[in-house]
Amino acid sequence: MIMSMSWFKRFCAVNIPLVATALLTLSLLSILLLVISKGMTHFSVKPIYQVSHSSFASPVLGMVQNYGAKETDIFWFDPIAKELQSSRMALSEQQITLHQQTFVIKTRTGKLLFAQGLMLDDAPFSKEAWQRLLDENNAFTKQIEQLNSKIYPLELRFAQYSERNIPLSAPVFARLQAELETLHEQKRHLQKKQQQNRTVIQFSDGATADFPVSKIALIWQPNAMSFGEKMWFSMGEFWRFITSDHQAVSGSAGIFPALFGTVLMVFLMTVFVMPIGVLTAIYLHEYAPDNHFVSGIRVIIINLAGIPSIVYGVFGLGLFIMGLGTQIDQIFYAQNLPSPTFGTPGILWASITMALLTLPTVIVATEEGLQQVPQTLRNGALALGATKYEAIRFNVLPMASPNILTGAILSIARAASEVAPLLLVGAVIYAPTLPVDDIFPYLHLERQFMHLGVLIFDSVFHSANTFDSQSMMFAICLLLIIVVLSLNVLAAILRAKLRRRYERYS
Amino acid sequence: MVKLFKSTKPALKKLTAEDISVEISDLSVYFGKKSVLRDISMVIPKHRITSFIGQSGCGKTTLISSMNRMNDLNKNHRCTGSITIDGQNIHSKKINVAKLRTQVGMVFQAPNPFPMSIYDNVAFGLRLQKQIPRRQLDEAVERALKNAVLWDEVKDQLFASASILSGGQQQRLMIARALALKPKILLLDEPTSALDPLATLHIEELMQTLKKNTTIVMITHNMQQAARLSDYTAFFHQGELVEYADSDKLFTQPKHKQTEDYITGRYG
């Protein structure tokens, strides 16, 4: 055959698949590289330049993007409004300078201040002095918290006394009041002392302002950092990004709730979809008669995988939230009506909707696995007096488990990356509370949740035009990829283990 | 031919009711429209080895699978006639099929170890019966493995995966697995077809010991094996029982031309 082919045909037969594979690999790699490089810049330390331009009354401090292009984007700190502004202008080399002594101050609310100079307690800034001030401040905060924990039960008792109509003149009342008064006095004293730790910030226009240490989260000098310090700082930024709360107001903030919401939703989805999917596949493959009705069902299940995901979202909204949820509210949560408990989007409905979405994947993968189990194995079990159920439970299912896990991997990957249906059934851009907390019953299935994909969607369309909105979008993309990949790797390792165990029997 | 006179086994027609383990009468089996067995009537004597010989596809496997109702698994299967084991019709509605299969053990042509340890393979049938304490289970597994002449080879690796065993060892494991349930009847479908001479010898010796308290039905394509091992031999041809007699008689003085042709290797 091959000998009779012309050299051109032979060349094509070998090279076209090769080129196709290479192109595919290249495009995958470039997507990954783009997301990684763009996402990493979100955590990088950007230098702060001093920019002089005719549109500024005095030179300002700012970050510069696209320097060297016709128009340069600068995100500059307005010393009068005390806010970051963005402008686009033509800049020449003479107009920007880099000063070593430039400070970036991050407040506890996530706002950034760019400063020319910084004094700590009338002394120039030094790292040791700043660390000492921070420690002191933290000690104060801790003491105030301790006082608060003492004050709270006393105030509760105070409220109980007034409810029981104990006259204010009663001695218990007086004693309580005196006690409270001293505690409050202590607290005020501490707060006053904490406020005394101040920094003096010098802005780019020369003006200075007092700023209490208690409001500062972080200070760094981007222009004076060494490479190692920058790396360390970036890692810190990344850690803060994935562990701290999301603050919708300030824009730049952590995404821990979204990370948590994504993982929890995927977990719940797996809990719902795996038993139902596997049982359905077992019924279809092992028990169902071989007739047109059953093959019809099989065709329908396979085609379910092709339905647009938004349709599932609408379906979930209609059936689960408006139908089922409203019914549950009327029966079990009537005292809360008209404010709904389950009759509103929430993580339970989101994960059930996603479970429906991924059900065909699990069923098809499991059936494939069941098909691969040799019939002789079933017969062996049956010949030893096993019932059909026992043969399936002890022999067939373990052998099919690698394929079942493949189904799980595929469904996890799909559920973690879908956004459209989630917008309808429970994911929100900002949720004030996590679905899991320390209040009974700990897991609050009725709550709305945040999701990485939804945050990306949001940052594309509605984000404030701040300097880091774009890089934040890529950073979230990067994180989403990391989450999906690590869930997949986990399942793949498990599957490889099971495969090794069973491959010699089939 | 000295052996013939020393033999203490009764002729098939002179068997008393106590000596009969399985009685098959007018059994016909169909898969869909295809008739696989036609009007088989025979008795299988208790605590003896009975060999089934015949061409591939003549219905031997179908017949032994009828005895523990493994044919029921085929959806197109249909049968008429009756099989009586120890006086009970196994097609009666009162019969618990799972229970029947624990008493009529079956070893398939190709070893099919379960994906678990050697110990678990042997304990599988017993565990399904529940209510067996751990220590008793250990003893039962050891006894079954010793009976199957496998114990010495696997006693140090009982909890290793069964797939590490060789083909012959796996075949003996399959026998041990069936023996663990102490079946009254053991059905063996070409137990030595894939084994080397030494492993074959092991299994033949094993069958000689087992026959003291188990009825053994064996399918084989090896004439010498059938002649030296079994007490009675049945020859099947295209779904019909052609000749069934004492092995010595069948192999020395076959009554039918077909039998003679087959055992002398003129066809098949």
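Residues numbered from 1 in each chain as written. Chains lettered and ligands numbered in written order. Predicted model: local features only at pLDDT ≥ 70, side-chain atom pairs only at ≥ 80, totals over all residues.

This brings us to the overall build of chain B. A count of helical and extended segments in chain B gives 11 helices and 10 strands. In terms of overall size, chain B behaves like a compact globule, its C-alpha atoms giving a radius of gyration of 19 Å where 268 residues would be expected to give roughly 18 Å. By its C-alpha atoms, chain B is 55 × 45 × 35 Å across when sized along the principal axes. In chain B, which comprises 268 residues, the share counted as buried stands at 43%. Within chain B, contacts between residues at least 6 apart in sequence are counted, and of these 69% link residues at least 24 apart. (Helix = DSSP H or I, 4+ residues; strand = E, 2+ residues; numbered from the N terminus. Rg over C-alpha atoms; globule rule 2.2 N^0.38 Å. Buried ≥ 20, exposed ≤ 12 C-beta atoms within 10 Å, placed from the backbone. Contact = placed C-beta atoms within 7 Å.)

What follows covers the overall build of chain A. Each helix and strand counted, chain A has 13 helices and 14 strands in total. In terms of overall dimensions, chain A is more spread out than a globule: its C-alpha atoms have a radius of gyration of 31 Å, far above the 23 Å expected for 506 residues. Seen through its C-alpha atoms, chain A measures out along the principal axes to roughly 90 × 85 × 40 Å. Sorting the 506 residues of chain A into buried and exposed places 30% on the buried side. At a minimum sequence separation of 6, the contacts of chain A that also span at least 24 residues come to 69%.

This paragraph deals with the confidence of the model for chain A. Of all residues in chain A, 96% attain a pLDDT of 70 or more, and the chain-wide mean is 85. Contacts for the low-pLDDT stretch residues 248–252 of chain A, under 50 throughout, to residues beyond four places or in other chains number 12 contacts. (pLDDT = per-residue confidence, 0-100.)

Residue and element names in this part refer to chain B. One open sheet holds the 4 strands; their spatial order is β2-β1-β4-β5, and the pairing between them is antiparallel. Edge positions in the sheet fall to β2 (34–45) and β5 (88–89), since each of these pairs with one other strand and no more. For strand β1 (residues 20–31) and strand β4 (residues 77–85), the ladder comprises 8 bridges, and the chain directions are antiparallel. When the sheet's bridge partners are listed, Tyr30 is paired in β4 with Arg78. (Pairing = 2+ DSSP bridges.)

Take the interface of chain B and chain A next. In this complex, chain B contributes 20 residues to the contact, which on the side of chain A involves 18 residues. Among the elements that make up the side of chain B that touches chain A, the one with the highest residue count is helix α3 (residues 97–103) of chain B (4 residues). The class makeup of the residues in the side of chain B that touches chain A is 12 nonpolar, 5 polar and 3 charged. (Nonpolar A, V, L, I, M, F, W, Y, C, P; charged D, E, K, R; others polar.)

Before going further, it helps to spend a moment on the environment of Ala386 of chain A. On the secondary structure map, Ala386 of chain A appears in the loop between α9 (375–383) and α10 (388–417). Residues contacting Ala386 of chain A, with those up to four places away along its chain left out, are Ala381 and Ala391 of chain A together with Ala98 and Leu128 of chain B.

On to the sheet that holds strand β12 (residues 216–220) of chain A. Residue and element names in this part refer to chain A. Taken in spatial order, the 3 strands line up as β7-β6-β12 in an open sheet, and their pairing is antiparallel. Two strands lie at the open edges of the sheet, namely β7 (112–115) and β12, each paired on one side alone. Neighbour-to-neighbour, the strand axes of the sheet open up by a mean angle of 20°, direction not taken into account. (Axes fitted to C-alpha atoms, helices over the stretch in contact; angles between N-to-C directions.)

Here we take up the nonpolar core. Across soluble globular proteins, nonpolar side chains show a tendency to be buried alongside one another. One finds Met265 and Ile476 of chain A together with Ala176 and Leu187 of chain B to be the most contacted residues of the largest nonpolar core, which totals 144 residues. With 23 residues, the next largest nonpolar core counts Val60, Leu84, Ala115 and Ile216 of chain A among its residues. (Core = buried A, V, L, I, M, F, W, Y, C linked by C-beta atoms within 7 Å.)

Residues and elements named next belong to chain B. You will see that Lys182, though not glycine, has its phi angle at about 50°, which is positive. Secondary-structure assignment places Lys182 in the loop between α7 (167–179) and β7 (185–189). Of note, Glu190 is a non-glycine position whose phi angle comes to about 45°, a positive value. Among the structural elements, Glu190 can be located in the loop between β7 and α8 (197–210). Glu190 gets classed as buried once you count the C-beta atoms within 10 Å, which come to 21.

Take the pairing of strand β6 (residues 104–107) of chain B next. Residues and elements named next belong to chain B. The side-chain alternation of β6 yields two buried faces, one formed by Val104 and Met106 and the other by Gly105 and Val107. Here 4 bridges tie β6 to β7, and the two strands are oriented parallel to one another. Bridge pairing in β7 places Gly105 opposite Leu186.

Before going further, it helps to examine α7 of chain B. Residue and element names in this part refer to chain B. End to end, α7 covers 18 Å across 13 residues, agreeing with the expected 18 Å (1.5 Å per residue, within 8%). Along α7, 12 of the 13 residues are buried, which leaves the element largely enclosed by surrounding structure. What α7 keeps buried is the set Gly168, Gln169, Gln170, Gln171, Arg172, Leu173, Met174, Ile175, Ala176, Arg177, Ala178 and Leu179. Residues of α7 that are buried in the fold lie against β6, α4 (118–128), α5 (134–147), α6 (151–154), β7 and α8. (Expected span 1.5 Å × (residues − 1).)

Over its 26 residues, helix α3 (residues 171–196) of chain A extends 38 Å from the first C-alpha to the last, a length consistent with the 38 Å expected when each residue adds 1.5 Å. Within α3 of chain A, only 0 of the 26 residues are buried, which leaves it mostly out in the open.

This part is about the domain arrangement of chain A. Along its sequence, chain A is organised into domain 1 (48–121 + 200–233), domain 2 (140–196) and domain 3 (256–505). Distance from the C-alpha centre of domain 1 of chain A to the C-alpha centre of domain 3 of chain A: 47 Å. (Domains from an automatic or database assignment.)

Residues and elements named next belong to chain A. For the pair helix α6 (residues 292–304) and helix α8 (residues 347–372), the least separation of the axes is 7 Å and the interaxial angle reads 125°. The angle between α6 and α8 falls in the class oblique. As α6 packs across α8, the resulting crossing turns out to be left-handed. Where α6 approaches α8, its residues Ile301, Ile302 and Leu304 are matched on the opposing element by Pro360, Ile363 and Val364. Here the residues of the contact of α6 with α8 are counted per class, giving 6 nonpolar, no polar and no charged. (Parallel < 35°, antiparallel > 145°, perpendicular 65-115°, else oblique. Left-handed = near helix turned anticlockwise from the far one by under 90°.)

This part is about the confidence of the model for chain B. Residues and elements named next belong to chain B. Taken residue by residue, chain B gives an average pLDDT of 87. The fraction at 70 or more is 96%. Segment residues 1–6: pLDDT under 50, and 2 contacts once partners within four positions in sequence are set aside and those in other chains are kept. This complex was scored by the predictor with a pTM of 0.79 and an ipTM of 0.87.

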